[in-house]
Amino acid sequence: MKSTLLQHAGGHRRESISGTPKMSRHQNGEEYRNPTEVKKSQIVMPCHANHRQELSVGELLKWMDSTACLSAERHAGCPCVTVSVDDIHFEHTIGVGQVVNIKAKVNRAFNTSMEVGIVVSCEDLFSDTHWSVCRAVATFVSQRTTGGKVQLRPLVPCTQAEQVEHSLAAERRRMRLVHADIMKDLLANRAFQQVEVQEAEKAVPAERTRVESVELVLPTHANHQVNTFGGQIMAWMENVATIAASRLCNAHPTLQSIDMFHFRGPSHVGDRLVLKAIVNNAFKNSMEVGVCAEAYQGEEPLRHINSAFMTFEIRDQEGKPCTLPRIRPEPLEGMRRYQEAIARNKIRLDRKYIISCKQTEVPLSVPWDLSNQVYLSYNNVSALKMLAARNNWLLNSEKNKVSLYTLEQKQVLSFKVETEVDIPAERAFMLLSDLSKRVEWDPNYERCELILRVNDDDFLYRVVTPSIGQDGASNSPSADQGGKVQDFILLASRRPPCDSGDPYVIALRSVTLPTHPPTEGYNRGEVLCAGFSILEVSKDISKISYFNQASPEVLPYISTDIAGLSSSFYGIFCTCNTFLQENRVDHASTPQSQPPSSTLKRTQL
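About the criteria used
What you see as residue numbers is a count from 1 along each chain, following the sequence as written. At least 70 in pLDDT is required for a residue's local features to be given in this predicted model, at least 80 for side-chain atom pairs to be given and counted, and no such filter applies to totals for whole chains, interfaces and linings, which use all residues. Water and hydrogen atoms play no part in the side-chain values, which are based on all heavy atoms of the structure. UniProt positions are given in the numbering used here, feature names are shortened, and annotations may be inferred rather than shown by experiment. Secondary structure is summarised from DSSP: a helix means a run of H or I of at least four residues, a strand means a run of E of at least two, and numbering begins at the N terminus for each. Buried means the residue's accessible area, taken with a 1.4 Å probe over protein chains only, is under 20% of the maximum for its type, while exposed means over 50%, and partly exposed covers the values in between. Working definition of accessibility: Shrake-Rupley area with a 1.4 Å probe, residue cover restricted to the visible protein chains. Here the rule is simple: two strands pair whenever DSSP picks up at least two bridges between them. When checking whether two residues touch, look at their non-hydrogen atoms; a contact exists if any pair is within 4.5 Å. Working convention: axes come from line fits to C-alpha atoms, limited for helices to the stretch in contact. Angles between N-to-C directions cover 0 to 180 degrees. We define a salt bridge as a contact between a side-chain nitrogen of Lys or Arg and a carboxyl oxygen of Asp or Glu at a distance within 4 Å. Residues belong to a common nonpolar core when they are buried Ala, Val, Leu, Ile, Met, Phe, Trp, Tyr or Cys residues joined through side-chain atoms within 4.5 Å. Any angle that is under 35 degrees is reported as roughly parallel, and any over 145 degrees as roughly antiparallel; angles of 65 to 115 degrees are reported as roughly perpendicular and all others as oblique. Note on convention: near helix rotated counterclockwise from far helix by under a right angle means a left-handed crossing. Clockwise means right-handed. Think of it as three bins: nonpolar holds Ala, Val, Leu, Ile, Met, Phe, Trp, Tyr, Cys and Pro, charged holds Asp, Glu, Lys and Arg, and polar takes everything else, Gly as well. We define a polar contact as two N or O atoms separated by no more than 3.5 Å, with the added condition that, inside protein, one atom must be a possible hydrogen donor and the other a possible acceptor, whereas residues neighbouring each other in sequence contribute only through side-chain atom pairs. Each helix should span, by expectation, one fewer than its residue count multiplied by 1.5 Å. Here a cavity is any set of points on a 1 Å grid over the protein atoms alone where a 1.4 Å probe fits but cannot get out, and a pocket is any open set with protein on both sides within 12 Å along at least 5 of 7 lines; a residue lines the site when it has an atom within 4 Å of a point. Grid points are joined across faces, edges and corners, and a volume is the space filled by probe spheres set on the points. pLDDT gives the predictor's per-residue confidence on a scale running from 0 to 100.

- Per an unreviewed UniProt entry, the chain goes by the name Acyl-coenzyme A thioesterase 11 and belongs to Oncorhynchus tshawytscha.
- The UniProt entry for the chain carries the following text under Pathway (unreviewed entry): "Lipid metabolism; fatty acid metabolism."
- UniProt annotates the chain under Function (unreviewed entry) with the comment "Has an acyl-CoA thioesterase activity with a preference for the long chain fatty acyl-CoA thioesters hexadecanoyl-CoA/palmitoyl-CoA and tetradecanoyl-CoA/myristoyl-CoA which are the main substrates in the mitochondrial beta-oxidation pathway."

The structure is reproduced here in structure tokens:
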């Protein structure tokens, strides 16, 4: 395994670890470093490793948690405790003699909690190769020694990378808050309630994988407030989960991922920590292990500390996943865990497929349903925020303070149109976020119908645009001049500011719906990333920026402007400004109504 990792890592030299941004510099030439950044480097010794001479994941989790905690405390100025950790996907293992490099920094501070980003990489000292191991995002809260939470000071991002993470932290926080509801809604679906166990001759009884272990929390396991380190609890949980996974197929498993989890309550020095694990379900090449941690002292009842779900694989000598035996769940509770594991596996695939991929790796039109709506919405907004945060936009043309910018990156052309408008930002946000009104000012929107109001912030639309002639002019759908009229199925996600200084965001991306397949007479177009960013300049003035990562279907509408052959972008923004001014006062504040096509809610998950 170690040699495989080195082959994979070949070419990733010290200065080019995947995903690691270049250091920014101050104006005086000094290297900039985030004041909350904490680094830890640790050579892997045999005492840190398992039987395969690879670093124990439990040990790595302890190092990650302690490094992140120090970063959080550096910003808060007082002790902090771990509240939650988002999904962790382990890309590679780490061998004895190699060096683990961990970097943690606070991405954003909210009122009483803060998000800390953690990056783990590995270094081979003999070949001078570096590779990524995993990334994680943890949430911490600060606590006074006398009790109670501390009001945190805001964190001001200084570099482009920090601005992106600062902006995305609000979206990740939003997703964390609804994670439990997503699971509850998915399990309510009959498709998962009616799952039957597929009988197999060599099915392994789930009770055979059950593990229970007790740990005594000593001072070495706790911080200066005698609270047990979150990383230590995670390490103990990983230990029993590994044993449970080993019992399924009598082999040594490899931990692939840990699902998002929350600490339900604190543990202290002197606690007896009861750890229980069992394999909930086995899929073709992976298995889910559920782990629960409970604490007690003396005669008191058990306190629920944490529950987590870990995904393991069994690999052969070449490092390829092996086919796993089926599992026979226990009656009642075992069957419930079996069904829930199938639902979680779907969520896991959705999150990894939609969120963990780079924007260029996500297909243009991802199938939409209620189970992946939150993740598509996150991807939608985060893609626009990352595009807006780019600092290498080039001014292409300008007319009466309406500016057209372009950005070419990895053979993808994006454009931005920007101007200031005499209208409050909140009012502009409300008007522009209703796409059905866009036909009143945008000639490229011939028709727009609201398919479904998913919630207060997310909507599904079908947009019809005119065909484009060879000269770049729009053609009427009734006058066929060689091109079909285009239609788009768009997910529109809108977000108000999380803090003062944040913009209003309206993000658009293509999705597919089983109820709205491509139809004859229309060319189904795709939108990768588009939308508005509306920043409050003053009480009555807004800076409105429109972004579009041009797909082949979108590029013809703007190509003549980019080439300098026309300035249609200026005319469109003028009509947009007129529309905003005419509707500056809200005469009838009525929310968008639920469309008749609510049958989408019944779409199979």
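Text resumes after the structure shown.
## Let's talk about the overall build of the chain
Reasoning step 1: The number of helices and strands found in the chain is 10 helices and 27 strands.
Reasoning step 2: Here the chain holds 605 residues, and 52% of them are scored as buried.
Reasoning step 3: Of the roughly 28,700 Å² that the chain leaves accessible, carbon and sulfur atoms contribute 51%.

## Focus: the sheet that holds strand 5 (residues 113–124)
Reasoning step 1: Spatially, the six strands line up as an open sheet ordered 1-4-5-6-2-10, and their pairing is antiparallel. Every interior strand has two partners, whereas the edge strands, strand 1 (38–43) and strand 10 (261–262), have only one.
Reasoning step 2: Pairing analysis gives 12 bridges linking strand 5 to strand 6 (residues 129–142), with the strands arranged antiparallel. Counterpart to E123 in the pairing with strand 6 is H130.
Reasoning step 3: On top of the sheet, helix 2 (residues 57–76) reaches strand 1, strand 2 (80–85), strand 4 (99–109), strand 5 and strand 6; it is set at about 40° to strand 4, its chief contact.

## Quick word on the pattern of salt bridges
Reasoning step 1: This model, assessed by the stated rule, comprises 36 salt bridges.
Reasoning step 2: K320 is the salt-bridge partner of E318, the closest N and O atoms lying 3.8 Å from each other.
Reasoning step 3: Under the relative-accessibility criterion, K320 is labelled partly exposed at 49%.
Reasoning step 4: Ionic pairing is found between D422 and R584, a salt bridge with its closest N-O pair at 3.5 Å. Here the residue D422 occupies a position in the loop between strand 18 (412–421) and helix 8 (425–432), and R584 occupies one in the segment after helix 10 (568–582), the gap between them amounting to 162 residues.
Reasoning step 5: Exposure remark for R584: the relative accessible area of 28% places this residue in the partly exposed category.

## Overview of the sheet that holds strand 13 (residues 303–313)
Reasoning step 1: Overall, antiparallel pairing links the six strands, which are arranged 3-9-13-12-11-8 in an open sheet. In the strand order of this sheet, the two ends are held by strand 3 (88–89) and strand 8 (211–216), each with one partner.
Reasoning step 2: Pairing of strand 9 (residues 254–258) with strand 13 involves four bridges; the strand directions are antiparallel. When the bridges of strand 13 are listed, I258 appears paired with M310.
Reasoning step 3: In the packing of helix 5 (residues 230–249) onto the sheet, the strands contacted are strand 8, strand 9, strand 11 (272–282), strand 12 (287–296) and strand 13, and the crossing angle to strand 11 comes to about 40°.

## Observations concerning the nonpolar core
General note: in soluble globular proteins, nonpolar side chains tend to be found buried as a group.
Reasoning step 1: If you look at the biggest cluster of nonpolar residues, it comprises 72 residues, and the most contacted ones within it are M64, M114, M287 and V289.
Reasoning step 2: Among residues more than four places away in sequence, those in contact with M64 are I88, I102, I118, V120, C134 and A136.
Reasoning step 3: L404, Y445, I534 and C576 belong to the second-largest nonpolar core, a separate cluster that totals 39 residues.

## With respect to the packing of helix 8 against helix 10
Reasoning step 1: Interhelical geometry of helix 8 versus helix 10 gives an angle of 110° and a closest axis separation of 10 Å. As summarised for this structure, helix 8 and helix 10 are arranged roughly perpendicular, according to the angle between their axes. Read as a crossing pair, helix 8 and helix 10 show a hand that is right-handed. Listed contacts from helix 10 to A428, L431 and L432 of helix 8 are C576, F579 and L580.
Reasoning step 2: Each residue belonging to the contact of helix 8 with helix 10 can be placed in one class, and the counts come to six nonpolar, no polar and no charged.

## What to know about the side chain of N34
Reasoning step 1: Mapped onto the fold, N34 is located in the loop between helix 1 (2–9) and strand 1.
Reasoning step 2: Note on N34: relative accessible area 6%, which makes it buried.
Reasoning step 3: In terms of polar contacts, N34 uses its side chain to reach the side chain of E162, at 2.9 Å.
Reasoning step 4: Once you skip the residues sitting within four places of it in the chain, N34 turns out to touch K105, V106 and E162.

## Section: helix 10
Reasoning step 1: In this model, helix 10 (15 residues) spans 21 Å end to end at C-alpha, consistent with the 21 Å of a helix rising 1.5 Å per residue.
Reasoning step 2: Turning to helix 10, its buried residues number three or more, namely F569, Y570, I572, F573, C576, F579 and L580.

## Comments concerning the pairing of strand 17 (residues 402–409)
One face of the sheet, then the other: side chains in a regular strand alternate in exactly this way.
Reasoning step 1: Most of strand 17 sits inside the fold, with six of its eight residues counted as buried.
Reasoning step 2: Count of turn residues in the strand 16 (residues 394–399)/strand 17 antiparallel hairpin: two residues, of which N400 carries a positive phi of about 50°.
Reasoning step 3: In terms of strand pairing, strand 17 meets strand 18 through seven bridges, oriented antiparallel. The partner of L404 across the bridge, within strand 18, is V417.
Reasoning step 4: Hairpin remark: strand 17 followed by strand 18, antiparallel, with two residues in the connecting loop; positive phi at K410, about 50°.

## Section: empty space enclosed by the protein
Reasoning step 1: Taken as a whole, this structure holds three cavities of 30 Å³ or more when the rule is applied.
Reasoning step 2: Of the pockets and cavities examined, the second largest cavity occupies roughly 70 Å³.
Reasoning step 3: Lining the second largest cavity, in full, are L61, M64, D65, A68, V85, I88, I118, A136, A138, F140 and M234.
Reasoning step 4: Listing elements by their share of the lining of the second largest cavity, those giving two or more residues are helix 2 and strand 6.
Reasoning step 5: Among the elements that take part in the lining of the second largest cavity, helix 2 stands out by supplying four residues, more than any other.

## Concerning the confidence of the model for the chain
Detailed conclusions should not be drawn from predicted coordinates in areas where pLDDT is low.
Reasoning step 1: Of the residues in the chain, 81% reach a pLDDT of 70 or more, and the chain-wide mean stands at 84.
Reasoning step 2: Confidence drops under pLDDT 50 across residues 590–605; counting only partners more than four residues distant or on other chains, this segment forms 33 contacts.

## Focus on the environment of F459
Reasoning step 1: If you trace the backbone, F459 turns up in strand 20 (residues 458–465).
Reasoning step 2: Taking the relative accessible area as the measure of exposure, F459 reaches 1% and is therefore buried.
Reasoning step 3: With 26 residues separating them along the chain, F459 and S433 place their C-alpha atoms 9.5 Å apart.

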